[in-house]
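Each chain, letter by letter, is given below.
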Amino acid sequence: NYTTLRSQEYPSPEDQFDMQYHDQVDGTTTWKDTIQAVKDKYPKTITGGTTIGPIPAWVQEEVDAYNASINT
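This write-up is about the structure you can find in this document. From a predicted model like this one, the values you see are computed outputs, not experimental measurements.

Rules used throughout
- Each residue is numbered by its place in its chain's sequence as written, counting from 1.
- Where totals are concerned, whole chains, interfaces and linings use all residues; where local detail is concerned, this predicted model gives features only for residues with pLDDT of at least 70, and gives and counts side-chain atom pairs only at 80 or more.
- Side-chain metrics in this entry use all non-hydrogen atoms of the structure; hydrogen atoms and water are not considered.
- Every helix listed is a DSSP run of H or I at least four residues long, and every strand listed is a run of E at least two residues long, numbered separately from the N terminus.
- Accessible area is worked out with a 1.4 Å probe on protein chains only. A residue is then buried under 20% of its type maximum, exposed over 50%, and partly exposed in between.
- Throughout, a contact is declared for two residues whenever any of their heavy atoms are within 4.5 Å.
- Any N or O atom pair separated by 3.5 Å or less is treated as a polar contact, with the protein-specific requirement of one donor-capable and one acceptor-capable atom, and with residues adjacent in sequence counted only for side-chain atom pairs.
- The salt bridge definition used is simple: a Lys or Arg side-chain nitrogen within 4 Å of an Asp or Glu carboxyl oxygen.

Let's talk about the overall build of the protein
Working step 1: Helix and strand counts for the protein come out as four helices and zero strands.
Working step 2: Ordered by position in the sequence, the α and β elements of the protein form the string α-α-α-α.
Working step 3: Taken across its 72 residues, the protein has 11% of its residues classed as buried.
Working step 4: Sequence-distant contacts, at least 24 apart, represent 59% of the contacts inside the protein between residues at least 6 apart.

Things to note about the side chain of Gln 16
Working step 1: Mapping Gln 16 onto the fold places it in helix H2 (residues 13-26).
Working step 2: Here Gln 16 falls in the buried class, since its relative accessible area comes to 16%.
Working step 3: At 3.0 Å, the side chain of Gln 16 forms a polar contact with the side chain of Trp 31.
Working step 4: Each residue touching Gln 16, except ones within four places of it in the same chain, is listed here: Tyr 10, Pro 11, Trp 31 and Ile 35.

Observations concerning the environment of Thr 4
Working step 1: Positionally, Thr 4 belongs in helix H1 (residues 2-9).
Working step 2: The class of Thr 4 is partly exposed, set by a relative accessible area of 39%.
Working step 3: Each C-alpha atom, one on Thr 4 and one on Tyr 42, is 9.6 Å from the other, the two residues being 38 residues apart in sequence.

What to know about the pattern of salt bridges
Working step 1: Enumeration according to the criterion identifies one salt bridge in this entry.
Working step 2: As a salt-bridge pair, Glu 9 and Lys 41 come within 3.2 Å of each other at their nearest N and O atoms. Remark: Lys 41 occurs in helix H3 (residues 30-41) and Glu 9 occurs in helix H1; sequence separation between them is 32 residues.

Here you go:
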């Protein structure tokens, strides 16, 4: 799910604190940009890690034929 995928991508807490410090001192937005990039990559709307298109009919027919042949 998205929480697992995000947690694997976020920088360590120490690195995040360092980014926040330098953003405050330098007037930058590195930390916010980094966190937002991860959130954009793995939105809450995903339910898994992979999205594929529909299976072509010919592929499904071959799978069905194969399954029928091994179940007889």
